[in-house]
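Residues per chain, in single letters:
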Amino acid sequence: QVQLVESGGGLVQDGGSLRLSCAASGRTFSSYAMGWFRQAPGKEREFVTAISLSGAYTYYIDSLKGRFTISRDNAKNTVYLQMNSLKPEDTAVYYCAASIGGNYYDQNRYNYWGQGTQVTVSS
């Protein structure tokens, strides 16, 4: 029901910024909570942040709160991830995902996934 396509990744130096976008197809975008996950080389995929259906509520892991900001524009069927003060340890493939509900922190609760976009932060 939903196709997700991430964009905006690339190479940035330590301390730089990037904004990732996730474009969703269909008219049911507003019926889904949206999340961002990331997977670094040799590591398992982990939760980054999520946003509720209306955008009124957001969720972050403590290590990223204050540096990353998630937002959504339901009229444009797009979710954004603003990434500031990037560090080399942020290097990973970043994925957006859509959920019909449940635990925002649990990747198994997400129904649809994008193909991912690479973010590389140099020292």
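Our structure's up above, just so we're on the same page.
The structure displayed is predicted, hence computed values, not measured ones. (Residues numbered from 1 in each chain as written. Predicted model: local features only at pLDDT ≥ 70, side-chain atom pairs only at ≥ 80, totals over all residues. Heavy atoms only, no water.)

1. Description of the overall build of the chain
Step number 1: What the chain contains, in helices and strands, is zero helices and eleven strands.
Step number 2: For the chain, the N- to C-terminal ordering of α and β elements is β-β-β-β-β-β-β-β-β-β-β.
Step number 3: The C-alpha atoms of the chain give 13 Å as radius of gyration, which agrees with the globular expectation for 123 residues (14 Å, within 12%).
Step number 4: Along the first, second and third principal axes, the C-alpha atoms of the chain reach 40 × 25 × 25 Å.
Step number 5: Long-range contacts, defined as pairs at least 24 residues apart, comprise 57% of the intrachain contacts of the chain with a sequence gap of at least 6.
Step number 6: On the chain, roughly 6,400 Å² of surface is accessible, and the fraction owed to carbon and sulfur atoms is 44%. (Helix = DSSP H or I, 4+ residues; strand = E, 2+ residues; numbered from the N terminus. Rg over C-alpha atoms; globule rule 2.2 N^0.38 Å. Contact = heavy atoms within 4.5 Å. Areas by Shrake-Rupley, 256 points an atom, 1.4 Å probe, with all protein chains shown as cover.)

2. Structural notes on the environment of Tyr-104
Step number 1: Within the fold, Tyr-104 resides in the loop between β9 (92-99) and β10 (112-113).
Step number 2: Distance in space between the C-alpha atoms of Tyr-104 and Ser-52 is 8.8 Å, their sequence separation being 52 residues.
Step number 3: When near neighbours in sequence (up to four residues on either side) are disregarded, Tyr-104 contacts Ala-33, Phe-37, Phe-47, Ala-50, Ile-51, Ser-52, Tyr-59 and Tyr-110.

3. Digging into the state of the cysteines
Step number 1: Using the criterion set out here, one finds one disulfide in the structure.
Step number 2: Disulfide pairing is shown between Cys-22 and Cys-96; the S-S distance is 1.9 Å. Across the disulfide from Cys-22 to Cys-96, rotation about the S-S bond amounts to roughly 55°, and the bridge is consequently right-handed. On the criterion of sequence distance, the pair formed by Cys-22 in strand β3 (residues 18-24) and Cys-96 in strand β9 is long-range, its members being 74 residues apart. Per residue, the accessibility class of Cys-22 equals that of Cys-96, and both read buried. (Disulfide = S-S within 2.5 Å. Buried < 20%, exposed > 50% of the residue type's maximum accessible area, 1.4 Å probe, protein only.)

4. Things to note about the packing of aromatic side chains
Step number 1: Going through the model one piece at a time under the given rule, you end up with eight aromatic pairs.
Step number 2: Where Tyr-32 meets Tyr-112, the ring centres are 5.8 Å apart and the plane angle is 80°; that geometry is what we call edge-to-face. Within this pair, whereas Tyr-32 is found in the loop between β3 and β4 (33-39), its partner Tyr-112 is found in strand β10, the two being separated by 80 residues in sequence.
Step number 3: Taking the relative accessible area as the measure of exposure, Tyr-112 reaches 22% and is therefore partly exposed.
Step number 4: Centroid distance Tyr-110 to Trp-113: 6.1 Å. Interplanar angle 55°. Geometry classified as tilted.
Step number 5: On the basis of relative accessible area, Trp-113 is assigned to the partly exposed category, the value being 26%.
Step number 6: One residue, Arg-45, lies across the ring of Tyr-95, its end atom 5.8 Å from the ring centre.
Step number 7: The ring of Trp-113 is capped by Arg-45, whose NZ or CZ atom sits 3.6 Å from the centre of that ring. (Phe/Tyr/Trp six-rings, centres within 6.5 Å; stacked < 30°, edge-to-face > 60°. Lys NZ or Arg CZ within 6 Å of the ring centre and 35° of its normal.)

5. Topic: the nonpolar core
Step number 1: Among the nonpolar cores identified, the biggest contains 28 residues, and Leu-4, Met-34, Trp-36, Phe-68, Met-83 and Tyr-94 are the most heavily contacted of them.
Step number 2: When contributions to this core are tallied by element, the ones reaching two or more residues are β3, β4, β5 (46-51), β7 (68-73), β8 (78-83), β9 and β11 (117-122).
Step number 3: Met-34 has contacts with Leu-4, Cys-22, Phe-29, Thr-49, Ala-50, Ile-51, Ile-70, Arg-72, Val-79, Ala-97, Ala-98 and Tyr-110, leaving out every residue within four places of it along the chain.
Step number 4: In this structure, Phe-37, Phe-47, Ala-97 and Tyr-110 belong to the second largest nonpolar core, which totals seven residues. (Core = buried A, V, L, I, M, F, W, Y, C linked by side-chain atoms within 4.5 Å.)

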